[in-house]
Structures are given as C-alpha cells and as structure tokens.
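Remarks on the overall topology
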Amino acid sequence: MADIAEKVKALLEQFGVKRPPVPVEQITKQLGLILCALPGDDDISGAIIRKDGRTVIAVNPAHHSNRQRFTIAHELGHYSMHEQLLEHVDQNFRVAWRKADPAGGVNWIEVEANRFAAELLIPTDFLTHDLDTLKSIDIRTVAVLANRYGVSKDAMKFRLTNLGILGLTDRDNDDTIKIEIT
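Residues numbered from 1 in each chain as written. Predicted model: local features only at pLDDT ≥ 70, side-chain atom pairs only at ≥ 80, totals over all residues. Heavy atoms only, no water.

A few points about the pairing of strand E3 (residues 54-59)
Using the following cut-off: Two strands form a pair only when DSSP identifies at least two bridges running between them. Secondary structure elements follow DSSP: runs of H or I no shorter than four residues count as helices, runs of E no shorter than two count as strands, and numbering proceeds from the N terminus.
Of the strand pairs in this sheet, strand E1 (residues 34-37) and E3 are connected by four bridges, and their pairing is parallel. Its bridge partner lying in E3, Ile34 is registered against Val56. Summarising the sheet, strand E2 (residues 44-51) and E3 pair through six bridges and their orientation is antiparallel. Each residue of the ladder has a partner; that of Arg50, found in E3, is Thr55. Hairpin connection of E2 to E3: two residues between the antiparallel strands, including Asp52 at a positive phi of 50 degrees.

Following this line, the structure appears as structure tokens:
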C-alpha cells in the first residue's frame, strides 16, 4: 500500500496538484495518454490498450461522471503499476474487491488498481488535512467531502472506512454515521 501512496504522491507533485478534486482527465492527457469514450453496455466501465507506443484509456460515457472519474483513475493505476497489461477491459468493478475467477479468487491486479484509484481521487494527505478542520463526521459531512473530491458518497465512505475513520457498520448505514473527532 505504501508503494501505491508513494506513486500517487509523486504523480500529484509532478503535475502540481495540491487540492481536490484531482484532475484525472488532465493528468491522463499530460501523461501523453489518449482518453476516449467507450460506448457499451452498463457492465463495461473502461479499458486500457497499449499498442505501437501509444496508450489509450477508454471510459463508458453512459456512466455517471463520478464513476467515469473512478474508471480513469483505475485505468491510470493499471498504466502506472501493470506495464505487462497490454489490453484490458474492466467490467462490473467495485470499489473494494474484484473477483476474477469462478472459484471466487481475488484478482490482486484489480484490487491494486482500485487502491491506486482511491488514493489518486482521495489522497490521504488531502483528506487528513480536511478532516483536521472538523469536529465530527456525519452523513452530511460525507456528502460535502464526496462533492469536494468529485466522488460518490459510497466511494467516500469506503475511503473513510479503509483509512479506519469509519467502522464497517457506519459505512453501511447512513443513520449511524456520527463520529466525534478529538
């Protein structure tokens, strides 16, 4: 996980990103990657294709803009961490885990790309700074943070949970989110 955080931090520094929302589309283009639409069924989120010295990241334009941002960040994770991946289509990925085979095994490449996407869209340093200014976290705070970072409320709840700020029961029930910060 530290390797992912270090890679994301270096990327943010390279492009001078100091606050949310992280401009993933702009970063993609500044890296010299081609960003394009990939119209398709709802179960197709995006793809990365490397061929003839070019890399294309494709995103389903039918998805919500927050989902598209996550898909771009996810594909940037593949680009940054999985050079051996020449062609890859992402279908039905979730923020946390990705089952790869019928036996139910975890696809660690997808988990790693999801972690990269979460760190890129909601950098730990940025979020920690924002949380330091709060006295408590409730569902309204989660919504404000989600809007600030350009992610869904569910993505923000997952991130807060993965960082140990929200408990699992808090993440799954909006009525229980009320955490005092001391």
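Notes on the layout of surface pockets
What counts is decided by this rule: Points on a 1 Å grid, built from protein atoms alone, make a cavity when a 1.4 Å probe fits but cannot get out and make a pocket when they are open with protein on both sides within 12 Å along at least 5 of 7 lines; residues with an atom within 4 Å of a point are the lining residues. Grid points are joined across faces, edges and corners, and a volume is the space filled by probe spheres set on the points. Amino acids outside the nonpolar list (Ala, Val, Leu, Ile, Met, Phe, Trp, Tyr, Cys, Pro) and the charged list (Asp, Glu, Lys, Arg) are all regarded as polar, and Gly is one of them.
In this structure, the second largest pocket spans a volume of roughly 190 Å³. What lines the second largest pocket is a set of 13 residues, among which Lys9, Leu12, Glu13, Asp125 and Phe126 lie closest to the centre. If you list the elements that add at least two residues to the lining of the second largest pocket, you get helix H1 (2-14) and helix H5 (124-132). Ranked by the residues each element gives to the lining of the second largest pocket, the list is headed by H1, at five residues. Tallied by class, residues from the lining of the second largest pocket come to six nonpolar, two polar and five charged.

Section: unusual backbone geometry
Residues Pro20 and Pro21 are joined by a peptide bond in cis, for which omega reads -5 degrees. Within the secondary structure layout, Pro21 lies in the loop between H1 and helix H2 (24-30). Backbone geometry places Asp52, a non-glycine residue, at a positive phi of 50 degrees. Within the secondary structure, Asp52 sits in the loop between E2 and E3.

As for the environment of Leu127
So the rule is basically this: Whether two residues are in contact is decided by their heavy atoms: any pair within 4.5 Å suffices.
Along the chain, Leu127 turns up in helix H5. Between the alpha carbons of Leu127 and Leu163 there is a distance of 10.0 Å; along the sequence they are 36 residues apart. Leaving out residues up to four positions away in the same chain, Leu127 has contacts with Ile122, Leu145, Tyr149, Met156, Arg159, Leu160 and Leu163.

Concerning the packing of H5 against helix H6 (residues 139-149)
Applicable threshold: Axes here refer to lines fitted to C-alpha atoms; in helices the fit is confined to the stretch in contact. Angles between the N-to-C directions go from 0 to 180 degrees. Between 65 and 115 degrees an angle is taken as roughly perpendicular, under 35 as roughly parallel, over 145 as roughly antiparallel, and anywhere else as oblique. Note on convention: near helix rotated counterclockwise from far helix by under a right angle means a left-handed crossing. Clockwise means right-handed.
Where H5 meets H6, the closest approach of the two axes is 12 Å, and the angle between their N-to-C directions is 140 degrees. Relative to H6, H5 is oriented oblique. The handedness of the crossing between H5 and H6 is right-handed. Taking contact as the criterion, the partners of Phe126, Leu127, Asp130 and Leu131 in H5 are, on H6, Leu145, Arg148 and Tyr149. Split into classes, the residues belonging to the contact of H5 with H6 amount to five nonpolar, no polar and two charged.

Overview of the nonpolar core
In plain terms, the rule: Nonpolar cores were defined as sets of buried Ala, Val, Leu, Ile, Met, Phe, Trp, Tyr and Cys residues, with membership established by side-chain atoms within 4.5 Å. When a residue's accessible area, from a 1.4 Å probe over protein chains only, is under 20% of the maximum for its type it is buried; when over 50% it is exposed; and in between it is partly exposed.
Within the largest apolar cluster, 35 residues are counted, with the highest numbers of intra-cluster contacts made by Leu120 and Met156. Those elements that place two or more of their residues in this core are H1, H2, E3, helix H3 (65-81), helix H4 (108-121), H5, H6 and helix H7 (153-162). Ranked by residue count, the leading element in this core is H3, at five residues.

Quick word on the confidence of the model for the protein chain
Note the threshold: The pLDDT score gives, residue by residue, the confidence of the prediction method on a 0 to 100 scale.
Looking at the protein chain as a whole, its pLDDT mean stands at 86, while 83% of the residues score no less than 70. Element-level mean pLDDT values for the protein chain span from 54 in strand E6 (residues 178-180) up to 98 in H2. Low pLDDT, under 50, characterises residues 94-100; the stretch is placed with 23 contacts to residues that sit more than four places away or in other chains.

Digging into the packing of H5 against H7
Where H5 meets H7, the axes come as close as 12 Å, and the angle between the chain directions of the two elements is 90 degrees. Considering their axes alone, H5 and H7 lie roughly perpendicular with respect to each other. Here H5 contributes Thr124, Leu127 and Leu131 to the contact with H7, which in turn contributes Met156, Arg159 and Leu160. Grouping the amino acids of the contact of H5 with H7 by side-chain chemistry returns four nonpolar, one polar and one charged.

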